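# Geometric and topological summary
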Amino acid sequence: MFRVTFSLNTAMKMMLYIYSKINIHHRLNMQIEKIAQTFSLGRFNSVFQYLTEDIEWHIIGEQHLKGMDNIINHCNLIQDYFNKTPHKFTIHAQYQSSNTVIIQGYAEFQHSNKNTIIQACDIYTFNQLQQLTLIESYCITT
C-alpha cells in the first residue's frame, strides 16, 4: 500500500503557489484590458512600452503598418491631429478572451462646419508577456 503524507508547511506552500498563479492570471487579464482601453482612447504614449518590435497594425481598408517604429510614428501623427481637434471618445463594449481584447466604440471630432463620427472596433492580440503583437482596426466614418 502506498501512503502520501503532507506536512502543514508543504500544504501551505502548495496553497500559496496556487493562489499566486490565480492572482497572476487575474492581473494579466486586467492589465491587457487597460492597455487596450488606453490605446482605443487615443492615449498612445502610455502603451508604447507594451508594443513588440514586430507588432503589426492593420487599419482595415486603409493601411497595414509593421514594426514598432512605424506604429509609433503613425500614432504620433494621429496624436498631433487629436491635439488640434476637439474630440470625444466613447467605449460601447469590451470583450476579452485569454490574450485578445476587443473594444467597440466611437470618436466624435468637432469641426467648424460639421462633426465627424468614426465608429470603430479594435481587436488587440497580446503575447504571454502582456505585449501587443497585433492590432486590427475597423473604422467607419459617418
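Below: a short report on this structure. (Residues numbered from 1 in each chain as written. Predicted model: local features only at pLDDT ≥ 70, side-chain atom pairs only at ≥ 80, totals over all residues. Heavy atoms only, no water.)

## Structural notes on the overall build of the chain
Defined as follows: Note on conventions: DSSP H or I runs of at least 4 residues are helices, E runs of at least 2 residues are strands, and numbering of each starts at the N terminus. Each residue gets one of three labels from its accessible area relative to the maximum for its type: buried under 20%, exposed over 50%, partly exposed in between, using a 1.4 Å probe on protein chains only. Residue contacts follow a heavy-atom distance rule, with two residues in contact if any of their heavy atoms lie within 4.5 Å. What sets the accessible areas is the Shrake-Rupley method with a 1.4 Å probe; for residues, cover comes only from the shown protein chains.
Secondary structure summary: the chain contains 2 helices and 6 strands in total. The order of helices and strands in the chain, counted from the N terminus, is α-β-β-α-β-β-β-β. The buried share of the chain, taken over its 142 residues, is 31%. Expressed as a percentage of contacts within the chain between residues at least 6 apart in sequence, the contacts between residues at least 24 apart total 41%. A total accessible area of about 9,500 Å² is found for the chain, and carbon and sulfur atoms account for 56% of it.

## Re the sheet that holds strand β6 (residues 132-141)
What counts here: At least two DSSP bridges between two strands are needed for those strands to be called paired. Here the axes come from fitting lines to C-alpha atoms, over the contacting stretch only for helices, and the angles between their N-to-C directions go from 0 to 180 degrees.
One open sheet holds the 6 strands; their spatial order is β2-β1-β6-β5-β4-β3, and the pairing between them is mixed. What marks the edges here is a single partner per strand, and that holds for β2 (63-66) and β3 (87-97). For this sheet the average axis-to-axis angle between neighbouring strands, irrespective of direction, equals 15°. Across 10 bridges, the pairing between β3 and strand β4 (residues 100-110) is antiparallel. The residue bridging I91 from the neighbouring strand is G105, located in β4. Contacting β1 (51-59), β2, β3 and β4, helix α2 (residues 68-84) runs over the sheet at an angle of about 55° to β1.

## A closer look at the nonpolar core
Inclusion rule: Residues grouped as a nonpolar core are buried Ala, Val, Leu, Ile, Met, Phe, Trp, Tyr and Cys residues, joined through side-chain atoms within 4.5 Å.
Judged by nonpolar contacts, the single largest core of 27 residues is most densely connected at F39, L51, W57, Y124 and L132. When contributions to this core are tallied by element, the ones reaching two or more residues are α1 (8-40), β1, α2, β4, β5 (115-126) and β6. Aside from chain neighbours lying at most four places away, what touches W57 is F39, Q63, H64, L65, I71, H74, C75, I78, I135 and S137.

## Some thoughts on the layout of surface pockets
Cut-off, in case you're wondering: Note on definitions: the grid is 1 Å and covers protein atoms alone; a cavity is a set of points where a 1.4 Å probe fits but cannot get out; a pocket is an open set with protein on both sides within 12 Å along at least five of seven lines; lining residues have an atom within 4 Å of a point. Grid points are joined across faces, edges and corners, and a volume is the space filled by probe spheres set on the points. Gly falls in the polar group here, along with every residue not listed as nonpolar (Ala, Val, Leu, Ile, Met, Phe, Trp, Tyr, Cys, Pro) or charged (Asp, Glu, Lys, Arg).
There is about 590 Å³ of room inside the largest pocket. Along the walls of the largest pocket sit 31 residues, with F82, F89, I118, A120 and C139 positioned nearest its centre. For the lining of the largest pocket, the secondary structure elements donating two or more residues are α1, β1, α2, β3, β4, β5 and β6. Here the lining of the largest pocket is composed, by residue class, of 19 nonpolar, 10 polar and 2 charged.

## Examining the pairing of β2
Two faces, one strand: in a regular strand the side chains alternate between the faces of the sheet. Summarising the sheet, β1 and β2 pair through 4 bridges and their orientation is antiparallel. Within β2, the residue paired with I59 across the bridge is Q63.

## A look at the side chain of T85
Within the secondary structure layout, T85 lies in the loop between α2 and β3. Taking relative accessible area as the criterion, T85 reaches 8% and is therefore assigned buried. Residue contacts for T85: discarding those within four places in its chain leaves F109, Q110 and H111.

## Notes on unusual backbone geometry
One non-glycine residue, S98, lies in the positive phi region at around 45°. Positive phi values are uncommon outside glycine, yet Q130 reaches one of about 65°. By relative accessible area, which is 21% here, Q130 ends up partly exposed.

Keep in mind these numbers describe shape, not what the thing actually does.
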